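Residues per chain are reported as follows:
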Amino acid sequence: MKLKLMGIAAVVMIACLVTPASAEEKTAARKVLVKEKNEAGLVISETGTETSQTTTTITVGGQTADKIEEDKEEKEKVTEVQSVNAEGHISGARVSYNKSKKSHAEQDFGAAELGEAAISTGDLEGAVIVWAFDAEKKAWSGKLEKGEDNKGTKKALTKKEPFKVPFIPGKEVAVGETWEIADKDLRDFFADDEAMKVNEIKASCTAEEIIAGKGGECLKVTFVIDIKATLQNEDLKNPEVTAKITGHYMFNIGTSLCDSVELNSELSFSSEATGRGGEKIPFTVKMKGQEIMTLTYKKAEM
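The rules behind each value
- Residues numbered from 1 in each chain as written.
- Predicted model: local features only at pLDDT ≥ 70, side-chain atom pairs only at ≥ 80, totals over all residues.
- Heavy atoms only, no water.
- Helix = DSSP H or I, 4+ residues; strand = E, 2+ residues; numbered from the N terminus.
- Buried < 20%, exposed > 50% of the residue type's maximum accessible area, 1.4 Å probe, protein only.
- Areas by Shrake-Rupley, 256 points an atom, 1.4 Å probe, with all protein chains shown as cover.
- Salt bridge = Lys/Arg side-chain N within 4 Å of Asp/Glu carboxyl O.
- Core = buried A, V, L, I, M, F, W, Y, C linked by side-chain atoms within 4.5 Å.
- Phe/Tyr/Trp six-rings, centres within 6.5 Å; stacked < 30°, edge-to-face > 60°.
- Lys NZ or Arg CZ within 6 Å of the ring centre and 35° of its normal.
- Pairing = 2+ DSSP bridges.
- pLDDT = per-residue confidence, 0-100.
- Contact = heavy atoms within 4.5 Å.

1. Looking at the overall build of the protein
Next, step 1: Along the backbone of the protein there are three helices and 15 strands.
Next, step 2: Counting every position in the protein, which comprises 302 residues, the buried fraction comes to 40%.
Next, step 3: When the accessible surface of the protein is summed, it comes to about 16,200 Å², and 49% of that surface belongs to carbon and sulfur atoms.

2. Section: the pattern of salt bridges
Next, step 1: Counted under the stated rule, the structure contains 17 salt bridges.
Next, step 2: Between Glu217 and Arg30 there is a salt bridge whose closest N-O contact spans 2.5 Å. On the criterion of sequence distance, the pair formed by Glu217 in strand β12 (residues 216-231) and Arg30 in the loop between β1 (25-26) and β2 (31-34) is long-range, its members being 187 residues apart.
Next, step 3: A single network of salt bridges, built from pairs that share partners, joins Glu50, Lys75 and Glu291.

3. Brief notes about the nonpolar core
Next, step 1: Of all hydrophobic cores here, the largest spans 39 residues; its most connected members are Val34, Phe167, Trp179, Leu219, Phe223, Ile225 and Tyr249.
Next, step 2: It is β12 that contributes the most residues to this core, seven residues altogether.
Next, step 3: Core analysis: the second largest hydrophobic core is formed by 15 residues, Leu42, Val81, Val95 and Trp140 among them.

4. A few points about the packing of aromatic side chains
Next, step 1: Inspection of the entire model under this criterion finds seven aromatic pairs.
Next, step 2: Taken together, a centroid distance of 6.2 Å and an interplanar angle of 85° make the contact between Phe269 and Phe283 edge-to-face. Here Phe269 is found in strand β14 (residues 257-274), whereas its partner Phe283 is found in strand β15 (residues 280-299), with 14 residues between them in sequence. Each member of the pair, Phe269 together with Phe283, is buried.
Next, step 3: A connected cluster of aromatic rings, assembled from ring pairs, spans Trp131, Phe133, Trp140 and Phe163.
Next, step 4: Against the face of Phe189 rests Lys159, its NZ or CZ located 4.6 Å from the ring centre.

5. Some details on the environment of Phe223
Next, step 1: Along the chain, the position of Phe223 falls in strand β12.
Next, step 2: In this structure, the C-alpha to C-alpha distance between Phe223 and Thr206, residues 17 residues apart in sequence, is 6.4 Å.

6. Looking at the pairing of strand β5 (residues 90-107)
Next, step 1: Alignment of strand β4 (residues 63-84) against β5, held across 16 bridges, turns out to be antiparallel. In the strand pairing of β5, Glu80 is matched with Arg94.
Next, step 2: Hairpin connection from β4 to β5: five residues lie between these consecutive antiparallel strands, with Gly88 at a positive phi of about 85°.
Next, step 3: Two strands pair when backbone bridges link them, and β5 and strand β7 (residues 128-134) are joined in this way by five bridges, in the antiparallel orientation. Residue Gly92 lies in a different strand from β7, and its bridge partner there is Ala132.
Next, step 4: Across four bridges, the pairing between β5 and strand β6 (residues 118-121) is antiparallel. By the bridge assignment, Lys101 is partnered in β6 with Thr121.

7. Concerning the confidence of the model for the protein
Close inspection of predicted coordinates is inappropriate for parts of the model with low pLDDT.
Next, step 1: Confidence in the prediction for the protein averages 88 pLDDT; 89% of positions are at 70 or higher.
Next, step 2: Per-residue pLDDT stays below 50 along residues 1-25; that stretch engages in 84 contacts with residues further than four places along the chain or on separate chains.

What follows is the structure, given as structure tokens:
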């Protein structure tokens, strides 16, 4: 079972140029304006890898057995900024989903090892979505310019805030400062998920430290997201789900843009399934995942 938040991909747009720890120089604490500054004509290239392992444990006759599933997705996305508002926030853009390669392998109950991975293409690969913000209605509208009208593209188009990242405060913060994220901002950022009803979501960020590396000075901001949800599955009696996401992003002080992000997620729930003889089989599902994204920036060629 896999929790797809992410987009907090498009989630926290992110990626500091990675440098060896020995080459990093930690600077003295100070205040930093953490506010993104985009411009028309900017091209943002995002690459990422998401991995997860899901373990389902069943109990039968006092004995337990595990089923293990391993998933991996490699993603590439390009955002062409067409317009920005007075605050430097994106108000129009063209997003191309250039790559979504997935692999899935299973080790079934009683099996000794994982089977051969099945390779597939994600729903978003090849899709192009054009976004425009209506200042009067104060709402985004997205149009599928290219690609299939499928589950993946439909979900992408449900985003209420495709570019504004709530984890970036848009104000000056001091190293060591912690701030909370509003519930509405979180719900607007994450796309709706038909399979999971979010009952409660809380998040906070902390400005940890300023690090000087080859990519310039970056502020490391950590975050914690706690989620309580209900899995929309009547056959499983709509079990309650708890999830936690931790990670960090690197905000480039010189460019006023995010350079990298790392997400580490955990999810679990328990319920009962009905066996072939009508018996109740208790089970527990636990998932651990990681997503690492990097971003590079350039001006569009005229």
